[in-house]
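Observations on the model geometry
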Amino acid sequence: MSSSPPPVDLPSLSKAIRAISSEFSLPELQRTLLRTLQEFSGVPYGALLGFLEGRGWVIACQSEGENRPLGELPSTVIHGARRTLEPIILADAHRQPPYCDDPVVRGRGLRSVLCMPLTHRGVQHGMLYLEHSQVTQAFEGPRLHVIEILAAQAAVALDNARVHHHLAEQSHAHEVSRREVSTTRQHLQDFIDHSPAAIYIKDRDGRYLMVNGRIESFFGQPRAKLLGRKDSDLLPAEIARAVMENDQRVLTTGATLQFEEQIPYRDGLHTFLSAKFPMRGVDGRIQGLCGVSTDITDRKRAEAALQRANEELEQRVAERTEQLNAAQREMLDRARHAGMAEIANSILHNLGNALTGITVSSTVLRERIQGLPIASLGRAAALLDRPPEELGVFLTQDERGRQVPEFLGKLHARLSEERQLLLDECAAMGTKIDHATSVITTQQNYARARIRLSEKALLRELAEDALRLCAIGDHFDQIFHREYGEEQPEYYDRHVIVQILVNFISNAKNAVRELPDNPQPRITLTVRQEAGYTSVSVSDNGIGFDASVKPKLFTHGFTTRAKGHGFGLHSSALSAQALGGRIEAHSDGPGLGARFELILPRTSPDDDEEGLEQET
């Protein structure tokens, strides 16, 4: 199906060309151009294609009511026109190879198709695309001629619009730049005038070319009287000479330099930190310098005051440190004495138990000795005190004499039994005396004047010493258990460690004693050694403690016992800290026992000699 082209309406064409030529807004130009081309060509759909940086070819404008993507235009037609820069005009597209195979041509049943590059002065400004799905040969004769005229005018108009847009952008950019430069210049001037620093420019001879308000305020003269003058005209000769020498160094080296300069002022000499840099002309030669001088007088005075304060503070810190050291030594001394008191209290308690046993044994011995049948033996001896010739008659015929042998046998059995009982009681009393002697001997070894001895030892040995001090003569001997691992001897302060362990063991004994209905009380001593530390712990299955009291266990005066004084664990913690170690406490809760562990670092002296530390 084809349609004959309508006659060309020259007035309308001329009007359309003027409308296209007078439009400089690119979006409006594109809409006017497309609308005019559709009116003169009579096609239902048209589009203008443009090229965008970063996106490639896109549909810049298309018929009203249409919103097709570029993919819905026949790519073979578009690519052919773009590649050859020649118009492609199809009279019956679905019959003309290779375009008839295009999916869009087949799908939309296109008949007449036109794609024309819009070029001007060798530059492509876009492409015109027109289509008609019902009419063949729509772009022939006068109609094609009109389209070519309008397309050529459109290319010129698009070029002019882009040039106009570019010039408008440049003009706008220039105006924005001019305003920004003017604003920046004004801001810079305001900054210079209101800056607390002194800002100035000098020529090569040292004459002031520019000064700010800070310079005016400092010299007490208006700007007009300062410009053109030198520092030698404004400052004392010696000070001016030093300032000018600094200026000359900047002009000679061409580098940015900083100086501390002292300038006289109404309240005395002021110190300025001056940063000076060379000012160069367009030929690169140094024409002068610019300087920014900041008054640092307050800072210098503050630094001097701070230095004096630091010196005073260091002196006070030294004095306070000495006081703290003295207090620490006193605290450690008190901790040691508290530990000694703890040991003494434990020893007195256990010695009391041992002495009670000795007293009981001596009473039993006295009662047994008093109960021996010595009188019966005397009466038997009196019956036998006869002449020999009568003794036989007495033993065989006298009723009393016949009972003497039986009586002597029973008396022998009774005396033998009493003898064994007396020997057993003497052995028991000897054991108790030996126990008491061992406690006293051990205590004497740990109470040597005021000397603390650091010597190589095994922690298990010190644990045994603590046990002897705490448990001898006590029925608690039976509940102690030992779990000693392999260990190497280390240098330990024997006295302090035993004090700590005595405190641990005493607390464990009280804990298992105070737990009601404890069928199998148990206290375990454990020694283990790792690469960096050795530890000894005392654990029990006694009353334990709640997690809420753990942070307060080592606080002075805190105790969970009704009759406790709250100093044992506190002094033990101080002693452990003095040894470079620490104490850890753990309990799963009330009634579930507790564990106290002394952890000591494995540090030995460089030599094998024993060290003695004199206490103060």
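Residues numbered from 1 in each chain as written. Predicted model: local features only at pLDDT ≥ 70, side-chain atom pairs only at ≥ 80, totals over all residues. Heavy atoms only, no water.

Right, let's get into the pattern of salt bridges. Taken as a whole and judged by the stated rule, the model has 27 salt bridges. The partner of Lys276 in a salt bridge is Glu261, with the nearest N and O atoms 2.9 Å apart. Note that Lys276 is positioned in strand β9 (residues 268-280) and Glu261 in strand β8 (residues 257-265), a separation of 15 residues in sequence. Considered together, Lys276 and Glu261 belong to a single accessibility category, that of buried residues. Across the pair Arg299 and Glu303 runs a salt bridge, and its minimum N-O distance is 3.5 Å. You can see Arg299 and its partner Glu303 sitting in helix α9 (residues 297-370), 4 residues apart, about one turn around the helix. Judged by its relative accessible area of 43%, Arg299 is partly exposed. We classify Glu303 as partly exposed; its relative accessible area is 39%. (Salt bridge = Lys/Arg side-chain N within 4 Å of Asp/Glu carboxyl O. Helix = DSSP H or I, 4+ residues; strand = E, 2+ residues; numbered from the N terminus. Buried < 20%, exposed > 50% of the residue type's maximum accessible area, 1.4 Å probe, protein only.)

Our next topic: the nonpolar core. Counting 37 residues, the largest nonpolar core has Phe504 and Leu598 as its most contacted members. Among the elements of the structure, α13 (459-471), α14 (494-514), β14 (523-529), β15 (533-540), α15 (568-578), β16 (582-586) and β17 (594-601) are those that each provide at least two residues to this core. The biggest single contributor to this core is α14, with 10 residues. Apart from residues no more than four positions distant in its own chain, Phe504 is found in contact with Val538, Leu569, Ile583, Phe596, Glu597 and Leu598. If you look at the next biggest cluster of nonpolar residues, it comprises 26 residues, including Leu33, Phe139, Val146 and Leu150. (Core = buried A, V, L, I, M, F, W, Y, C linked by side-chain atoms within 4.5 Å. Contact = heavy atoms within 4.5 Å.)

Moving on, we get to the confidence of the model for the chain. In low-pLDDT segments, the atomic positions of the prediction should not be examined closely. Of the residues in the chain, 79% reach a pLDDT of 70 or more, and the chain-wide mean stands at 78. When pLDDT is averaged over each helix and strand of the chain, the minimum, 42, is found for strand β18 (residues 611-614) and the maximum, 93, for helix α8 (residues 237-253). (pLDDT = per-residue confidence, 0-100.)

Here we come to helix α3 (residues 75-84). Of the residues making up α3, those classed as buried are Val77, Ile78, Gly80 and Ala81. Seen end-on, α3 carries its buried residues on one side only, within an arc spanning 165 degrees. On its buried side, α3 packs onto β1 (45-52), β3 (88-90), β4 (112-120) and β5 (123-132). Positive phi shows up at Leu85, right after α3, with a value of about 60 degrees. (Arc of directions from axis to C-beta.)

Another aspect to go through is the environment of Ile505. Structurally, Ile505 is set in helix α14. For Ile505, a relative accessible area of 0% puts it in the buried group. Among residues more than four places away in sequence, those in contact with Ile505 are Ala466, Leu467, Cys470, Phe480, Leu525 and Val538.

Put simply, α14 and α15 touch, their axes get as near as 10 Å, and they point 150 degrees apart. By the angle between their directions, the pair α14 and α15 is classed as roughly antiparallel. Handedness of the crossing formed by α14 with α15: left-handed. Across the interface between the two elements, Val496, Ile500, Asn503, Phe504 and Asn507 from α14 touch Gly568, Leu569, Ser572, Ser575 and Ala576 from α15. (Axes fitted to C-alpha atoms, helices over the stretch in contact; angles between N-to-C directions. Parallel < 35°, antiparallel > 145°, perpendicular 65-115°, else oblique. Left-handed = near helix turned anticlockwise from the far one by under 90°.)

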